[in-house]
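Fold and geometry: a report
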Amino acid sequence: MASQKFVPPVFDNPFLNIEELPGDTIVRKPEPLIQANSDPNDTSLVISKDVDLDINKKTWLRIYVPRRIIANHDDEKLPVIFYYHGGGFVFFHANSYAWDRFCQGLAEKLGAMVIALEYRLAPENRLPAAYDDAMDALYWIKSTQDEWIRNYSDLSNVYLFGSSSGGNMAYHAGLRVASTSYKELEPVKIKGLILHQPYFSGKNKTESEEKLKDDQLLPYHAIDKMFDLSLPKGTLDHDHEYSNPFLNGGSKHLDDMVARGWGILVTGVSGDPLVDAARNFANFVEEKGIKTFKLFGDGYHAIELIEPSIAAVLFGATRDFISATRN
């Protein structure tokens with residue numbers, strides 16, 4: 001990314017004034033939600049549909065496929081990207097406007113099948129609920145008879161991609177997969193993780209968290225508050241395995257990722273309070289022996305949702321990462 005000044009947009013930021021209510025819930029203001037579009041004759045470049053995952057948990061999946069694949073009855077098998085949206089584990093949905101548009105871009109620019117997970121939010125469902133939902137989705141794709149999955153997906157080339165708290169999810173879902181036997185998820189084969197501005201923090205704040213503690217998008221107090229709301233009840237501080245990946249020298253299952261030959265792409269931008277944690281994480285997993293790819297530049301948290309030119313850089317890096325790690 002070229003060095004330049006990026007000014008964060010002004011919008012009604014839900015992270016700034018989180019209102020807690022009795023009964024382990026918070027106030028969430030209405031937001032634009034986008035319906036799926038499964039019409040192959042539509043002019044859009046990507047079509048999508050929603051499928052239930054677990055009706056009791058109210059979890060579901062939105063599947064995106066480039067329209068040309070279905071419209072042309074193409075038999076091309078697409079790499080699969082599981083996508084986990086951001087929002088500090090407490091806000092937004094798979095069909096929120098910004099995340100839907102982002103996933104359409106991923107499917108179009110990468111020529112991939114993107115599967116966005118609607119997972120349970122905190123504080124109503126604290127971690128590890130979201131990680132459990134991510135695993136449910138992987139077991140679903142393993143055995144489903146869904147027509148799109150059956151006809152268009154290459155289950156031997158699957159990637160876990162998450163933004164912000166979704167990046168945290170991609171990492172922890174990856175650890176869980178790595179801890180299982182190779183046959184547990186067959187024919188699904190994970191090839192790598194894409195951690196887009198991942199949401200990691202701890203009791204001791206990084207230099208970027210201190211420097212940008214009054215950031216207008218993701219200030220210091222918001223980072224702490226959302227972990228307060230999402231970590232398991234009774235957690236004493238943010239040096240928890242779910243928030244601090246460096247705790248006790250890191251997970252023992254990082255060695256399992258190395259053994260499986262996975263790659264990890266880590267991204268961050270200079271104006272994001274989380275950037276030092278992301279950079280430290282990238283160096284950390286690289287030292288552990290994982291094939292590590294890095295994309296660091298200028299901008300603010302979640303800039304790729306707002307700036308098309310920066311999203312294009314991320315999509316390009318992701319395309320190159322998939323090319324380097326797939327069969």
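Attention here is on the structure that accompanies the text. (Residues numbered from 1 in each chain as written. Predicted model: local features only at pLDDT ≥ 70, side-chain atom pairs only at ≥ 80, totals over all residues. Heavy atoms only, no water.)

A few words now on the pattern of salt bridges. Under the counting rule described, the total for this entry stands at 17 salt bridges. Asp 100 is the partner of Arg 62 in a salt bridge, and the nearest nitrogen-oxygen pair spans 3.0 Å. On the criterion of sequence distance, the pair formed by Arg 62 in strand 4 (residues 59-66) and Asp 100 in helix 2 (residues 97-110) is long-range, its members being 38 residues apart. The salt bridge partner of Arg 176 is Asp 132, with a shortest N-O separation of 2.6 Å. Here Arg 176 is found in helix 5 (residues 165-179), whereas its partner Asp 132 is found in helix 3 (residues 129-143), with 44 residues between them in sequence. Asp 132 sits in the partly exposed class, given a relative accessible area of 28%. Taken together, the shared-partner salt bridges in this structure form one network comprising Asp 50, Arg 62 and Asp 100. (Salt bridge = Lys/Arg side-chain N within 4 Å of Asp/Glu carboxyl O. Helix = DSSP H or I, 4+ residues; strand = E, 2+ residues; numbered from the N terminus. Buried < 20%, exposed > 50% of the residue type's maximum accessible area, 1.4 Å probe, protein only.)

Turning to helix 2, a few remarks are in order. Over its 14 residues, helix 2 runs 20 Å from end to end, which matches the ideal 20 Å to within 8%, given 1.5 Å per residue. What helix 2 keeps buried is the set Trp 99, Asp 100, Phe 102, Cys 103, Gly 105, Leu 106, Ala 107 and Leu 110. Residue Gly 111 follows helix 2 closely and has a positive phi angle near 60 degrees. (Expected span 1.5 Å × (residues − 1).)

Here we come to the packing of aromatic side chains. Taken as a whole, this structure holds 19 aromatic pairs when the rule is applied. Centroid distance Phe 102 to Phe 161: 6.0 Å. Interplanar angle 70 degrees. Geometry classified as edge-to-face. Placement of the pair is Phe 102 in helix 2 and Phe 161 in strand 7 (residues 153-163), with a sequence separation of 59 residues. Both residues of the pair, Phe 102 and Phe 161, belong to the buried class. (Phe/Tyr/Trp six-rings, centres within 6.5 Å; stacked < 30°, edge-to-face > 60°.)

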